[in-house]
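An overview of the molecular structure
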Amino acid sequence: MVNVTYQNQNIKQESLKYTGKAKTVYTTNDPDILWVHYLDQATALNGKVKETITGKGALNSEISHLLFDYLTRKGIENHYLKKISATDELVTALDIIPIEVVSRNYASGHFVSKYAVTPMTKLEPLVQEFYFKSDALDDPFINDSQILALNLATSEELAQLRRVSQDVNQLLHALFEQIGIGLVDFKLEFGRTATGDLRLADELSPDNMRLIDTLSGKSLDKDIFRQHSGDVTVGYRDVLNRLQQVI
Ligand code: C5P
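The sections below set out a description of the structure shown in this document. (Residues numbered from 1 in each chain as written. Predicted model: local features only at pLDDT ≥ 70, side-chain atom pairs only at ≥ 80, totals over all residues. Heavy atoms only, no water.)

Of the regular secondary structure elements, the protein chain holds six helices and 15 strands. Its C-alpha atoms give the protein chain a radius of gyration of 18 Å, within 12% of the compact-globule value 18 Å for 247 residues. In terms of its C-alpha atoms, the protein chain occupies a principal-axis envelope of roughly 50 × 45 × 35 Å. A buried classification covers 51% of the 247 residues belonging to the protein chain. Sequence-distant contacts, at least 24 apart, represent 55% of the contacts inside the protein chain between residues at least 6 apart. (Helix = DSSP H or I, 4+ residues; strand = E, 2+ residues; numbered from the N terminus. Rg over C-alpha atoms; globule rule 2.2 N^0.38 Å. Buried < 20%, exposed > 50% of the residue type's maximum accessible area, 1.4 Å probe, protein only. Contact = heavy atoms within 4.5 Å.)

Another point: the pattern of salt bridges. Within this structure, the stated rule accounts for 20 salt bridges. With a closest N to O distance of 3.4 Å, Lys83 and Glu62 form a salt bridge. Of this pair, Lys83 sits in strand S7 (residues 80–83) while Glu62 is found in helix H1 (residues 56–73), placing the two residues 21 residues apart along the sequence. Where Glu189 meets Lys187, a salt bridge forms, and the shortest distance between an N and an O atom there is 2.6 Å. We note that Glu189, like Lys187, is buried. Three or more residues are tied together by salt bridges with common partners; here these are Lys23, Lys133, Lys187, Glu189, Asp202 and Glu203. (Salt bridge = Lys/Arg side-chain N within 4 Å of Asp/Glu carboxyl O.)

Take the site of the ligand next. Surveying the vicinity of the ligand reveals 15 residues, the closest of which are Arg104, His110, Asp185, Arg210 and Arg226. Separating an oxygen atom of the ligand from a side-chain N or O atom of Arg210 is a distance of 3.0 Å. About the coverage of the ligand: the protein hides 85% of its 450 Å² of free accessible area. Looking at the shell around the ligand, the elements with two or more residues in it are strand S10 (99–106), helix H2 (109–115), strand S12 (181–188) and strand S15 (209–213). Residue classes in the shell around the ligand are distributed as three nonpolar, four polar and eight charged. (Near = heavy atom within 4 Å. Polar contact = N/O pair within 3.5 Å; in protein donor to acceptor, adjacent residues only side chain to side chain. Areas by Shrake-Rupley, 256 points an atom, 1.4 Å probe, with all protein chains shown as cover. Nonpolar A, V, L, I, M, F, W, Y, C, P; charged D, E, K, R; others polar.)

Attention shifts here to the packing of H1 against helix H6 (residues 232–246). Where H1 contacts H6, the axes come no closer than 10 Å and their chain directions differ by 30°. By the angle class used here, H1 and H6 are roughly parallel. The chirality of how H1 crosses H6 is left-handed. For the pair H1 and H6, contact is made by Lys56, Leu59, Asn60, Glu62, Ile63, Leu66 and Leu67 and by Val232, Thr233, Tyr236, Arg237, Val239, Leu240, Leu243 and Gln244, respectively. Looking at the contact of H1 with H6 residue by residue, the class counts come to nine nonpolar, three polar and three charged. (Axes fitted to C-alpha atoms, helices over the stretch in contact; angles between N-to-C directions. Parallel < 35°, antiparallel > 145°, perpendicular 65-115°, else oblique. Left-handed = near helix turned anticlockwise from the far one by under 90°.)

So, about the pairing of strand S1 (residues 3–6). What you see with S1 is a clean split: Val4 and Tyr6 sit on the buried side and Asn3 and Thr5 on the side with no burial. Bridge count between S1 and strand S2 (residues 9–19): four bridges; the pairing is antiparallel. Paired with Thr5 across the strands is Asn10, a residue of S2. Where S1 folds back onto S2 in an antiparallel hairpin, the turn is made up of two residues, including Gln7, whose phi is positive at roughly 45°. (Pairing = 2+ DSSP bridges.)

Pairing in this open sheet of three strands is antiparallel, and the strands run S9-S13-S14 from one edge to the other. The strands lining the two open edges of the sheet, one partner per strand, are strand S9 (95–96) and strand S14 (198–200). With three bridges joining them, strand S13 (residues 190–192) and S14 adopt antiparallel strand pairing. Of the residues in S14, the one forming a bridge with Arg192 is Leu198.

What follows deals with the environment of Gly47. Within the fold, Gly47 resides in the loop between strand S5 (41–44) and strand S6 (49–52). Overall, Gly47 belongs to the partly exposed group, its relative accessible area being 26%. Here the alpha-carbon distance between Gly47 and Gly20, two residues 27 residues apart in the chain, equals 9.3 Å.

Right under this line is the structure:
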């Protein structure tokens, strides 16, 4: 499938723009629209460990679709336009800000290893961290003054990144709570439209957030792959099934 209709316009997939760890992105005949394809691929350690996992692309695509739709209804401006197949979507072409915004409700992952904190310690206020998006540099931590000095974003944009991440946290935390899932932490990315407006970008899936079953404490996210503790698609399908009951 290389042709779809979006708002009465024929959209054609054109050249490969970017190959990510779990997605490929193509340009289209409309310069304002990109075509995203989710791969059956899982990576850890910034791409150093890689594995094919059948069905993962479709699960991530559908979960991301449901979560972006939900956030759109709640007023969070984002790049998502349309789901066009089990594994593909159209998004607004943005100038991506090379900053990953990590939000943490509970201590886990690198927060535990860096600060020797007991896992799952409640973090109040919400911890927000910025990382410089660079595979070559292993996405190093970056602070506000470094971001400003390197012209990666303006101080107004930084304030917006924090505010929108906090809003997304409140919305997703409440949504997952309804279905017995704890939102431990997550990573967001943002970009600018042609007119300079900030939009939430990338994907929203268990590849980018830690989710645990509230009753059992079991991981339902990419930690299953990182820790070789089982079949990631079982956890992801569980997340999807529960989301489908409420959105
Ligand atoms: O590894 P760390 O504990 O810093 O990860 C925090 C959160 O950000 C996790 O949910 C993880 O999946 C996500 N993350 C991500 N992409 C990265 C780094 C972290 O999605 N490059």
